[in-house]
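In case you want the letters, here they are:
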Amino acid sequence: MESNKLVQETLKHFTDFYSESPSFISIAPGRINIIGEHTDYNDGLAMPAAIDRYIFVAIAKNRSQLITAHSTALEDTYSFNLGADIADKLWHKYVLGVVNELNIKYNINSGLDILIHSNLDIGGGVSSSAALELALINGILHLFKIETSSSEKIDLCQRVEHNYVHIKSGTLDQSASLLSREGCLLVLDFQDNKYRYIDSNSQNTAWVLVDSMIKRKLANSKYHERVLECRQAIRQLKSRYKDICNFNNVDNNQLGYLMNINETGYKRAKHIINENIRVHKMEDAIMNQDIVEMGNILIDSHLSLRDLYEVSCDEIDYLIDVSSDFKDWHGGRIMGGGFGGNTINLIKKNMENDYSDFIKKKYLDKFQIMPKIRTVNFSSGAKIIDNIKAF
């Protein structure tokens, strides 16, 4: 198995770099999101799943107050003293944030040697950052024999995002990476922080990601813009209808009121309201193995993200449009924050390679860009591998 090979590689890299051996490895997977986009920070619903691509982290204490982290993928090393508060590179901010937040809460008071290894694409829209956060948090907690709840781990991740990376994100990515079960989809309710599992029922289909290779230059600024637009819309609704605290209980009359005073807010709200409905519809379609309906829901979601939430781009729209010419494509949509990144596509089983060849030719001819395409399998969530001598 590739994961076993990566465990061995992580062990070797750690030993080569630090001249000692770790006693365990912490791993956390990336994620896809089937349906429920931009709903997490709006107290809505989503249906993500962890995938079989991982961040591997080996950690050991050292005899100083120095934290040293080395990334094999980035070929970069970052060192800082415990209690430091400045980091320049993005991955440095995640490491610094995790260590500082854990030190504030649990007073770990020790230097650390950290080795980060991965087969998860960095910046590929499958939440490598959330996987890194969780692999680090689980690993450090395990190293210091600290027990805490899943919700506290997710909250720690969010504090890192908010306070060190300065992205006012929700918790979809971390929840998927931590809570997922193999062969299942996770149904998340962000209003009351509850979750449950449904069988993926994916015997006759495959989930294929197409990376447009368009880097999401506007993603952070536009993401924040969408967050603020939604908050403003809620404030305006609440000023007229006192019982409203999120979009979950907004009716058509109230939505009409919003349309008259704030067209942009109306469009954002309409997407969130309908996207939450699509999560329920997708669950029913999956349970009934209604592949046609599953595909239609994905397409409806893309159109909403394009026209109402306005987070798509020409390259992504082309990928969805041209995919409809492939007879074994059931449906797809933009996935993630938007403005580039990936599409997620539902394909007839065993037709993944044909679809990949079809899309590569069409996209290359249109944009002179070769997309990166991969089929993903559902995975269990983050875990600790203690018995590393077996590897």
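Above this text you will find the structure in question.
Residues numbered from 1 in each chain as written. Predicted model: local features only at pLDDT ≥ 70, side-chain atom pairs only at ≥ 80, totals over all residues. Heavy atoms only, no water.

Enquirer: What's the story with the side chain of S379 in this structure? I'm lost.
Expert: Relative to the helices and strands, S379 resides in the loop between β11 (372-376) and β12 (383-385). Within the structure, S379 has its side chain in polar contact with the side chain of Y54 (distance 2.9 Å). With residues up to four places along the chain from it excluded, the contact list for S379 reads P29, A50, I51, D52, Y54, S180, R181 and E182. (Helix = DSSP H or I, 4+ residues; strand = E, 2+ residues; numbered from the N terminus. Polar contact = N/O pair within 3.5 Å; in protein donor to acceptor, adjacent residues only side chain to side chain. Contact = heavy atoms within 4.5 Å.)

Enquirer: Looking at this structure, how should I read the nonpolar core?
Expert: One recurring pattern in soluble globular proteins is that nonpolar side chains are buried together. M47, V95, I114 and F247 are the most contacted members of the largest nonpolar core, which has 115 residues in total. It is helix α3 (residues 128-143) that contributes the most residues to this core, nine residues altogether. When sequence neighbours within four positions are dropped, the list of residues in contact with V95 reads A69, Y78, F80, I114, I116 and L136. The next biggest cluster of nonpolar side chains, apart from the first, holds 14 residues, and it includes L6, I25, I27 and F56. (Core = buried A, V, L, I, M, F, W, Y, C linked by side-chain atoms within 4.5 Å. Buried < 20%, exposed > 50% of the residue type's maximum accessible area, 1.4 Å probe, protein only.)

Enquirer: Please explain the packing of aromatic side chains as it appears in this structure.
Expert: Pairs of aromatic rings are described using the distance from one ring centre to the other and the angle between the two planes. A full pass over the atoms with the stated rule returns 12 aromatic pairs. Ring centres 5.5 Å apart and planes at 45° place the aromatic pair F326 and F358 in the tilted group. One end of the pair, F326, is in the loop between α10 (314-323) and β9 (329-335); the other, F358, is in helix α11 (residues 352-367), with 32 residues separating them in the sequence. You can call F326 buried: its relative accessible area is 10%. Aromatic side chains Y363 and F367 sit 5.1 Å apart centroid to centroid with 55° between the ring planes, which places their arrangement in the tilted category. Remark: F367 and Y363 occur in helix α11; sequence separation between them is four residues, near one turn of the helix. The exposure classification of Y363 matches that of F367, with both residues buried. (Phe/Tyr/Trp six-rings, centres within 6.5 Å; stacked < 30°, edge-to-face > 60°.)

Enquirer: Sorry, what's going on with the packing of helix α8 (residues 263-287) against helix α9 (residues 291-307) here?
Expert: The description of two packed helices rests on the angle between their axes and on the distance between the axes. One way to put it is that α8 packs onto α9 with a least axis distance of 10 Å and a crossing angle of 170°. By the angle between their directions, the pair α8 and α9 is classed as roughly antiparallel. Across the interface between the two elements, K267, H271, E275, R278, K281, M282, A285 and I286 of α8 pack against E293, M294, I297, L298, D300, S301, S304, L305 and D307 of α9. (Axes fitted to C-alpha atoms, helices over the stretch in contact; angles between N-to-C directions. Parallel < 35°, antiparallel > 145°, perpendicular 65-115°, else oblique.)

Enquirer: Just checking my understanding: could you explain helix α2 (residues 90-106) for this structure?
Expert: Since the α-helix advances by 3.6 residues per turn, residues separated by three or four positions end up pointing in the same direction. Between its first and last C-alpha, α2 extends 24 Å over 17 residues, near the 24 Å set by a 1.5 Å rise per residue. Among the 17 residues that make up α2, 12 are buried, leaving the element largely enclosed by the rest of the structure. For α2, the full list of buried residues reads W91, H92, Y94, V95, L96, G97, V98, V99, N100, E101, L102 and N103. Looking at the buried residues of α2, the elements they touch are β3 (66-71), β4 (76-81), β5 (112-118), α3 and α4 (150-165). Note on α2: the residue one or two positions beyond its end, N107, has a positive phi of about 50°. (Expected span 1.5 Å × (residues − 1).)

Enquirer: It is not clear to me how the environment of E263 should be interpreted in this structure. Could you clarify?
Expert: Structurally, the position occupied by E263 is in helix α8. Classification of E263 as exposed rests on a relative accessible area of 56%. Distance from E263 to A233, taken between C-alpha atoms, is 9.6 Å for residues 30 residues apart in sequence.

Enquirer: Sorry, what's going on with the sheet that holds β11 here?
Expert: Strands in a sheet are paired, the pairing made by backbone hydrogen bonds, and the direction either parallel or antiparallel. If you trace the four strands from one edge of the open sheet to the other, you get β9-β10-β8-β11, paired in antiparallel fashion. The open sheet is flanked by β9 and β11, the only strands paired with a single partner. On average, each strand axis in the sheet is inclined to that of its neighbour by 25°, with strand direction left out of account. In this sheet, β11 lies alongside strand β8 (residues 205-211) in antiparallel orientation, the contact comprising five bridges. Bridging across to β11, W207 finds its partner in V376. (Pairing = 2+ DSSP bridges.)

Enquirer: Would you take a moment to explain the packing of α3 against helix α5 (residues 172-179) for this structure?
Expert: For the pair α3 and α5, the least separation of the axes is 9 Å and the interaxial angle reads 55°. With respect to their mutual orientation, α3 and α5 come out oblique. Here α3 and α5 pass one another in a crossing that is right-handed. Contacts between α3 and α5 involve A130, A131, E133, L134 and N138 from the first element and D173, Q174, S177 and L178 from the second. For the contact of α3 with α5, the per-class residue count stands at four nonpolar, three polar and two charged. (Left-handed = near helix turned anticlockwise from the far one by under 90°. Nonpolar A, V, L, I, M, F, W, Y, C, P; charged D, E, K, R; others polar.)

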